[in-house]
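Topology and contacts: notes
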Amino acid sequence: MDHQNPITAAELAERLGLPLRGDPGVRLHGVGSLTGAGPGQLAFLANPRYRAQLEDARAGAVVMRAAEAEGFRGTALLADDPYVAYARAAALFAPRPVASPGIHVSAVVDPSATVDAGAQIGPLACIGPRSRIAAGAIVGPGCVVGEDCEVGRDCELVARVTLVARVRLGARVRIHPGAVLGADGFGLAMEAGHWINVPQLGGVRVGDDCEIGANTTIDRGAIEDTVLEEDVRLDNLIQIAHNVHIGAHTAMAGCVGVAGSARIGRYCMIAGAAGIAGHLEICDRVVITAMSMVSQSIREPGEYSSAMPVMERREWRRNAARFRQLDALARRVIAREKDKE
Amino acid sequence: MDHQNPITAAELAERLGLPLRGDPGVRLHGVGSLTGAGPGQLAFLANPRYRAQLEDARAGAVVMRAAEAEGFRGTALLADDPYVAYARAAALFAPRPVASPGIHVSAVVDPSATVDAGAQIGPLACIGPRSRIAAGAIVGPGCVVGEDCEVGRDCELVARVTLVARVRLGARVRIHPGAVLGADGFGLAMEAGHWINVPQLGGVRVGDDCEIGANTTIDRGAIEDTVLEEDVRLDNLIQIAHNVHIGAHTAMAGCVGVAGSARIGRYCMIAGAAGIAGHLEICDRVVITAMSMVSQSIREPGEYSSAMPVMERREWRRNAARFRQLDALARRVIAREKDKE
Amino acid sequence: MDHQNPITAAELAERLGLPLRGDPGVRLHGVGSLTGAGPGQLAFLANPRYRAQLEDARAGAVVMRAAEAEGFRGTALLADDPYVAYARAAALFAPRPVASPGIHVSAVVDPSATVDAGAQIGPLACIGPRSRIAAGAIVGPGCVVGEDCEVGRDCELVARVTLVARVRLGARVRIHPGAVLGADGFGLAMEAGHWINVPQLGGVRVGDDCEIGANTTIDRGAIEDTVLEEDVRLDNLIQIAHNVHIGAHTAMAGCVGVAGSARIGRYCMIAGAAGIAGHLEICDRVVITAMSMVSQSIREPGEYSSAMPVMERREWRRNAARFRQLDALARRVIAREKDKE
């Protein structure tokens, strides 16, 4: 994809602080994939598996490790981590939006709310009682900020985000459309055969630099707050129940569910559609693979799995039927071994 | 968390109909956790496991069972079910919102819609053709009520809820942001290599006192209605397909999926991310544990499971590989036993 | 359910091009189920299992295969595929909405956007910079169309749909409430212990006749586009990550998750809550059953499974415990066989 602001390879190398090989005067106006980029675009080679694609690359310049650049005849930017360098370069071509201060005429702002003069409130957005929007923040079209919320400096609520009540966002938090933060936690008690609601009186606290994906939900705490420490990254359609605590720099892929009062450490990676039960702890630097179920605390860093990969359906059916007999089968094997002794 | 309306322990005991021990004059203005509550707050002890925390509790009063109160020197409210009593007390400090009747100037109401004078229509809400909003109902900011819908007395659509068409809510139904009720069911027929839509002509019927979580979806029926009986409680990000019928008092945790025409009984508990196939029946009082798959009818009350818990990844890989050979393994064991005979 | 436009059985037979048996003058004004339809309604019998229900059917006419009609005394429309014929008939009674051209006074349209004079922009919708809305398209209440999007001819965005940026819809695409297309893909790189965002510069391209369910999310590509070919049908609460490519006529049920850069063939059927890992390929005409996990490419058409069905919890617990020992058990069986030799 092409963007504005053409820049020479030399300028780019200088802004990223990277050594350059080849033609410093190449003009770049965007980025592309190694196979798709044209002469005005920057590409990257991060995975050595794709090195053969370099042969036919038509990119104006390519970010790669010094070791890969041996024998490459094009223009190369050398980086220890080419993917990070690419990310930084791409951000130069396509910078994040900056607030255009002001409140759109169609937005509805409660008289008791405080909107900084440097904040942008988009069309058809709604800011509720006692909420505060800091300088540099963007509240996009159709967002609803409810009661007693705080949106920190340079946050971006892209569009149609809802903060229900008592949600406090640090600085530079980005929230994608459809996400709902601060809805009532799912707290119920059974009385005489009928459910009664347990009032959810806590809030949601989101640290600096967090990102929340589209249609993800984060409920507010029952008594204390649901907490995301800084730099937590959540993909789309994730459910974070009340009173969950997520440590800094933890990332979760789409469709993960975390039940109430779970406490997840720092630098964890939770792959797609994994499920984490309530009232347990996961220590720092734990990796959970896709669709796995964590039903007890994990106290050792490492990689954990439980989901079964597909096999041809008939084969699966036979094995699954045997699974129902697995305990009995094991008992028979053990009994035979005893017979033998 | 602290709230308005301070109240004495004696008044609280009277309003809840509970015996009091200790100082009847303690002034309470909110609730807190057993470890976090201060002198002006009410806490509760429901799980005997946490009894040791009573020692250091600074709460103004604590709700607990009479048996736990032996030797407790603070102020105690005695309840058979302390969690229920706590829920009732918390609701006194933080009552549910009451409708402020009127239609916000930014809302758009179709001329053929009927909004009771006692209902509240929030900012930027939209009420469509022939829909009816009853007294005491709150339609929050950004909600869209489509065609031929009914919102019953004292319902609360918190914010950005969508009722698409032919959705009828009983009394006191609460729906959290982003929920979509009454979208077209997923009805397709293949004709000459191309999908055609099967018109979805039914509606959605939701009984009194139901609660629907954030970003949950409930499709309308193909011919007849999708039905939730009274007091059904759904958490966030749940999918209820067309023609599903859910019995009274059943609760589902986040991320559950229920396929078309499934019929679920009363007083069932479906834990997080469980999946229920279509065209089957689950009887009353069935518990399904987290991430389990129900692919056939269940006719006996009880607890059912199928999801596997995580183990260290290497260990998992070995066992999963063996699972592919499980049928063959079982055959070998059986063959050996026959040899022996 | 009953609708307008009564029509005789003869007229209906003619419009659908089907043979008629029985009374050509029966007046029909809607459709119903075989057990529920009344004398003015059309029902259908597709599954021979339900043939016994014909006995008591009170429907004005029934669509069925010629073979089933033997001995049926009512009015029958004969079709090779009664479900398809029913779908066509139902669409006559309840036609899809047609655009009422015009821009609602409460909608906000950016001056650089282009709205065709034959398009309908509903209340409280928002059309952003440089986006184009074609003739016959309906943008329902509360929708947000962001930057550089294209909505093709006769598309329907039912309500509260969000197209974030660079989303291009072909003709006749239907999108249900809460769906979010074109949000940032989840692209992260770790630098010095902190995540940095990898700018997501691609778009989303959706072919003709696709349908996208409520609260489904489709992220835009990192460099190139995320692509749905024509006639792809997605149910509710599905996550499609960046750079995914879905072949024509593929259908996915609710709660499916597809990770980044997966490439799925044509005419595939992915059942509810299945998970598909990233960077793999699935060939044409693959069926994945509910809750299964695809973690490697599939190169043969066929049916694939991995999810385990529920069993009574105690039984499950014993078998699951044995599963942890499965590799050891298999080794013992093999060792015993070697002993014997």
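For every chain, the first residue of the written sequence is number 1, and numbering continues from 1 along that sequence. Chains and ligands are labelled by the order in which they are written, letters from A for the one and numbers from 1 for the other. Only residues with pLDDT of 70 or above have their local features reported here, since the model is predicted, and side-chain atom pairs are shown and tallied only from 80 upward, although totals for entire chains, interfaces and linings are computed over all residues. Hydrogens and water molecules were not included; the side-chain quantities draw on all heavy atoms of the structure.

The test is simple: UniProt positions are given in the numbering used here, feature names are shortened, and annotations may be inferred rather than shown by experiment.
Per an unreviewed UniProt entry, the recorded name for chain A is UDP-3-O-acylglucosamine N-acyltransferase, and the organism is Luteimonas salinilitoris. The Subunit (unreviewed entry) comment attached to chain A in UniProt states, word for word, "Homotrimer."

1. With respect to the overall build of chain A
Spelled out, the test is: Per the convention used, a helix needs a DSSP run of H or I reaching at least four residues, while a strand needs a run of E reaching at least two, with both numbered from the N terminus. Computation of the radius of gyration draws on C-alpha atoms alone. For the globule rule, the value is 2.2 Å times the number of residues to the power 0.38. Buried residues are those whose accessible area, probed at 1.4 Å on protein chains only, stays under 20% of the maximum for their type, while exposed residues exceed 50% and partly exposed ones sit between those limits. Surface exposure here means Shrake-Rupley accessible area, sampled with a 1.4 Å probe, where a residue is shielded only by the protein chains that are shown. The charged-residue count follows a simple rule in which Lys and Arg add positive charge and Asp and Glu add negative charge, with His and chain termini not counted at all. Charge positions come from single atoms, namely NZ of Lys, CZ of Arg, CG of Asp or CD of Glu.
Scanning chain A from N- to C-terminus turns up 5 helices and 39 strands. The C-alpha atoms of chain A give a radius of gyration of 26 Å, which is well past the 20 Å a tight globule of 341 residues would have. In terms of overall dimensions, chain A has C-alpha extents of about 80 × 70 × 35 Å along its principal axes. Classification of the 341 residues of chain A by burial places 60% in the buried group. Counting only carbon and sulfur atoms, one obtains 50% of the accessible surface of chain A, whose full area is about 13200 Å². Of the charged side chains in chain A, 36 are positive and 39 negative, and the gap between their average positions amounts to 7 Å.

2. Here we look at the pattern of salt bridges
What counts is decided by this rule: Here, a salt bridge means any side-chain nitrogen of Lys or Arg that lies within 4 Å of a carboxyl oxygen of Asp or Glu.
Scanning all chains against the criterion turns up 60 salt bridges over all chains. Asp 327 of chain C is paired through a salt bridge with Arg 331 of chain C; the nearest N and O atoms lie 3.0 Å apart. With Asp 327 of chain C and Arg 331 of chain C both in helix α5 (residues 326-340) and 4 residues apart, the pair spans about one turn of that helix. Taking relative accessible area as the criterion, Arg 331 of chain C reaches 48% and is therefore assigned partly exposed. The network of salt bridges with shared partners includes Glu 156, Arg 174, Glu 211, Asp 231 and Arg 233 of chain A together with Asp 184 and Arg 220 of chain C.

3. Focus: the pairing of strand β14 (residues 144-147) of chain A
All names here are of chain A. How we decide: Here the rule is simple: two strands pair whenever DSSP picks up at least two bridges between them.
Note: strand β11 (residues 126-127) against β14, 2 bridges, orientation parallel. Paired with Ile 127 across the two strands is Val 145, which belongs to β14. In terms of strand pairing, β14 meets strand β17 (residues 162-165) through 3 bridges, oriented parallel. Bridging from a neighbouring strand, Val 144 pairs with Thr 162 of β17.

4. A look at unusual backbone geometry
Glycine aside, residues mostly have negative phi angles, and peptide bonds mostly take the trans form. For Arg 166 of chain A, which is not a glycine, the phi torsion comes out positive at approximately 60 degrees. Topologically, Arg 166 of chain A is positioned in the loop between β17 and β18 (167-169). Of note, the phi angle at Ser 261 of chain B is positive, near 65 degrees, even though the residue is not glycine. Relative to the elements of secondary structure, Ser 261 of chain B occurs in the loop between β31 (257-258) and β32 (263-264).

5. Some words on the sheet that holds strand β20 (residues 180-183) of chain A
Overall, parallel pairing links the 10 strands, which are arranged β8-β11-β14-β17-β20-β25-β28-β31-β34-β37 (chain A) in an open sheet. At either end of the open sheet lies a strand with only one pairing partner, and these are β8 (108-109) and β37 (293-294) of chain A.

6. Topic: the interface of chain B and chain A
It is common to give the size of an interface as the accessible area lost on bringing the parts into contact. What counts, and what does not: Throughout, a residue-residue contact means that at least one pair of heavy atoms, one from each residue, lies within 4.5 Å.
Facing the 68 residues of chain B at the interface are 71 residues of chain A. On the surface where chain B and chain A come into contact, there are 6 salt bridges. Here Glu 337 of chain B ties to Arg 332 of chain A by a salt bridge, and the two come within 2.9 Å at their closest N and O atoms. Those elements giving two or more residues to the side of chain B that touches chain A turn out to be α3 (82-93), β27 (233-234), β30 (251-252), β39 (311-312), α4 (313-323) and α5 (326-340) of chain B.

7. Notes on empty space enclosed by the protein
The gaps left among the atoms become clear once a water-sized probe is rolled over them. Here is the rule we go by: Residues are called lining when one of their atoms sits within 4 Å of a cavity or pocket point, these points coming from a 1 Å grid over the protein atoms alone, where a cavity is a set in which a 1.4 Å probe fits but cannot get out and a pocket is an open set with protein on both sides within 12 Å along at least five of seven lines. Grid points are joined across faces, edges and corners, and a volume is the space filled by probe spheres set on the points. Gly is placed with the polar residues, together with every amino acid not listed as nonpolar (Ala, Val, Leu, Ile, Met, Phe, Trp, Tyr, Cys and Pro) or charged (Asp, Glu, Lys and Arg).
In total, this model carries 5 cavities of 30 Å³ or more according to the counting rule given. The space that makes up the largest cavity amounts to roughly 160 Å³. Lining the largest cavity are 14 residues, with Gly 142 of chain A, Leu 124 and Gly 142 of chain B together with Leu 124 and Gly 142 of chain C sitting closest to its centre. For the lining of the largest cavity, the residue count by class is 8 nonpolar, 3 polar and 3 charged.

8. Side note on the packing of aromatic side chains
Ring pairs (aromatic) are described by centroid distance and by the angle formed between their planes. Inclusion rule: Any pair of Phe, Tyr and Trp rings, taking the six-membered ring for Trp, is counted once the centres come within 6.5 Å. Such a pair is stacked with planes under 30 degrees apart, edge-to-face with planes over 60 apart, and tilted for the rest.
The tally for this structure, following the rule as stated, stands at 12 aromatic pairs over all chains. Consider the rings of Phe 323 of chain A and Trp 316 of chain C, whose centres lie 5.0 Å apart with planes at 50 degrees: the pair is tilted. One end of the pair, Phe 323 of chain A, is in helix α4 (residues 313-323); the other, Trp 316 of chain C, is in helix α4 (residues 313-323), on a second chain. According to the relative accessible area criterion, Phe 323 of chain A is buried, its value standing at 0%. A relative accessible area of 4% places Trp 316 of chain C in the buried class. Aromatic rings pair up to connect Trp 316 and Phe 323 of chain A, Trp 316 and Phe 323 of chain B together with Trp 316 and Phe 323 of chain C into one cluster.

9. Concerning the relation of the copies chain B and chain A
Applicable threshold: Copies overlap after least-squares fitting; the atoms used are the C-alpha atoms of residues with pLDDT of at least 70 in both.
For the match of chain B to chain A, the screw axis carries a shift of 0.0 Å, the RMSD comes to 0.1 Å, and the turn is 120 degrees. Expressed as a symmetry operation, the mapping of one chain copy onto the other fits a three-fold axis.

10. As for the domain arrangement of chain A
Convention followed: Per the annotation, domain bounds derive from an automatic or database assignment of domains.
Domain boundaries assigned for chain A yield domain 1 (2-93), domain 2 (102-304) and domain 3 (313-341). The straight-line distance from the C-alpha centre of domain 1 of chain A to that of domain 2 of chain A is 36 Å.

11. Digging into the packing of helix α1 (residues 9-16) of chain B against α3 of chain B
Residues and elements named next belong to chain B. What counts is decided by this rule: Here the axes come from fitting lines to C-alpha atoms, over the contacting stretch only for helices, and the angles between their N-to-C directions go from 0 to 180 degrees. Helix crossings are classified by the rotation of the near helix relative to the far one: an anticlockwise turn of less than a right angle makes the crossing left-handed, while a clockwise turn makes it right-handed.
It is the contact of α1 with α3, at a shortest axis distance of 11 Å, that shows an interaxial angle of 115 degrees. As for the relative orientation of α1 and α3, their crossing is right-handed in sense. Contacts between α1 and α3 involve Leu 12, Arg 15 and Leu 16 from the first element and Ala 85, Arg 88, Ala 89 and Leu 92 from the second. Among the residues making up the contact of α1 with α3, the classes are represented as 5 nonpolar, no polar and 2 charged.

12. What to know about the interface of chain A and chain C
Condition: A simple way to read buried area is as the amount of 1.4 Å-probe accessible surface that goes missing from two parts once joined, with both sides added.
The partner chain C presents 71 residues to the 68 residues of chain A that form the contact. Both faces considered, chain A and chain C share a buried interface measuring about 5900 Å² in area, 64% of it formed by carbon and sulfur atoms. Considering only the side of chain A, the residues that lose the most area to chain C are Arg 160, Val 310 and Phe 323 of chain A, jointly responsible for 12% of the buried surface there. Connecting chain A to chain C are 6 salt bridges. When the shortest N-O distance is used, the salt bridge between Asp 327 of chain A and Arg 318 of chain C registers 3.5 Å. At the level of secondary structure, the elements contributing two or more residues to the side of chain A that touches chain C comprise α3 (82-93), β27 (233-234), β30 (251-252), β39 (311-312), α4 and α5 (326-340) of chain A. In the side of chain A that touches chain C, the residues fall into 39 nonpolar, 12 polar and 17 charged. Bridging between β39 of chain A and strand β38 (residues 302-305) of chain C involves 2 bridges; their strand directions are antiparallel.

13. Some thoughts on the environment of Gln 296 of chain C
All names here are of chain C. Checked against the element boundaries, Gln 296 lands in the loop between β37 (293-294) and β38. A residue is classified by how much of its surface remains accessible, and Gln 296, at 62% relative accessible area, is exposed. Each C-alpha atom of the pair Gln 296 and Ile 282 lies 8.6 Å from the other, and the pair is 14 residues apart in sequence.

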